[in-house]
Amino acid sequence: MQEGLQKSLLQSALKGRENAYAPYSDYAVGACLRCEDGAQYIGCNVENAAFGSSICAERTALCKAISEGKRRFTDIAIVGSGALPAYPCGACRQMLAEFGDLRVISANHDLSKVEVRMLSELLPLGFGKEALR
Ligand code: THU
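Being a predicted model, the structure only gives us computed values, none of them experimental.

(A) Expanded view of the site of the ligand. Contacts to the ligand come from Ser 25, Tyr 27, Val 29, Asn 45, Glu 47, Cys 56, Ala 57, Glu 58, Tyr 87 and Pro 88. At 3.0 Å, a side-chain N or O of Asn 45 approaches an oxygen atom of the ligand. At a separation of 2.9 Å, an oxygen atom of the ligand approaches a polar backbone atom of Ala 57. Coverage of the ligand by the protein chains reaches 76% of its 370 Å² of free accessible surface. Here the shell around the ligand is composed, by residue class, of six nonpolar, two polar and two charged.

(B) Geometry of the pattern of salt bridges. A complete count under the given rule lists five salt bridges for this structure. Close ionic contact of Glu 36 with Arg 72 constitutes a salt bridge, the shortest N to O distance being 2.8 Å. Taken together, the residues span a long stretch of sequence, with Glu 36 in the loop between strand 1 (30-35) and strand 2 (40-44) and Arg 72 in the loop between helix 2 (57-67) and strand 3 (73-79) at a distance of 36 residues. We classify Arg 72 as exposed; its relative accessible area is 54%. The partner of Asp 75 in a salt bridge is Arg 103, and the shortest N-O contact between them spans 2.5 Å. Of the two residues, Asp 75 sits in strand 3 while Arg 103 sits in strand 4 (residues 103-107), which places them 28 residues apart along the sequence. Residue Asp 75 is classed as buried on the basis of its relative accessible area of 1%.

Reading the values: rules and limits
Residues numbered from 1 in each chain as written. Predicted model: local features only at pLDDT ≥ 70, side-chain atom pairs only at ≥ 80, totals over all residues. Heavy atoms only, no water. Near = heavy atom within 4 Å. Polar contact = N/O pair within 3.5 Å; in protein donor to acceptor, adjacent residues only side chain to side chain. Areas by Shrake-Rupley, 256 points an atom, 1.4 Å probe, with all protein chains shown as cover. Nonpolar A, V, L, I, M, F, W, Y, C, P; charged D, E, K, R; others polar. Salt bridge = Lys/Arg side-chain N within 4 Å of Asp/Glu carboxyl O. Helix = DSSP H or I, 4+ residues; strand = E, 2+ residues; numbered from the N terminus. Buried < 20%, exposed > 50% of the residue type's maximum accessible area, 1.4 Å probe, protein only.

Below, the structure is given as structure tokens:
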């Protein structure tokens, strides 16, 4: 992929991380989801005193995009707060996989470590709509 695009998606995810509401874990995450038409949706994690009601940055970005009518995605950039690149949790992988494969760009807190994988590598043999037929 174009290096400039990857950098700009990571910068947007980093910006999104500034709005994270993570008073319980103190682990802020930002995500930037890119649509096939070039539109981008930024998300952050939003935690809750009822811990299980919290939502990850990736699903925030995905729900914003879906609610605006988008269905096709090419990339998601994720920036966590730790030393290691942030990979999407299982629930986020499942939610993203509903809409097909995409590139997952994972970065650590200061973007010094960036790793790129396809979602299909991160969620092989997942449950999908074909199984319901
Ligand atoms: N979190 C995300 O937002 N995305 C990830 O990829 C991993 C985890 C959030 C959930 C919770 O608010 C905090 O990070 C610690 O788990």
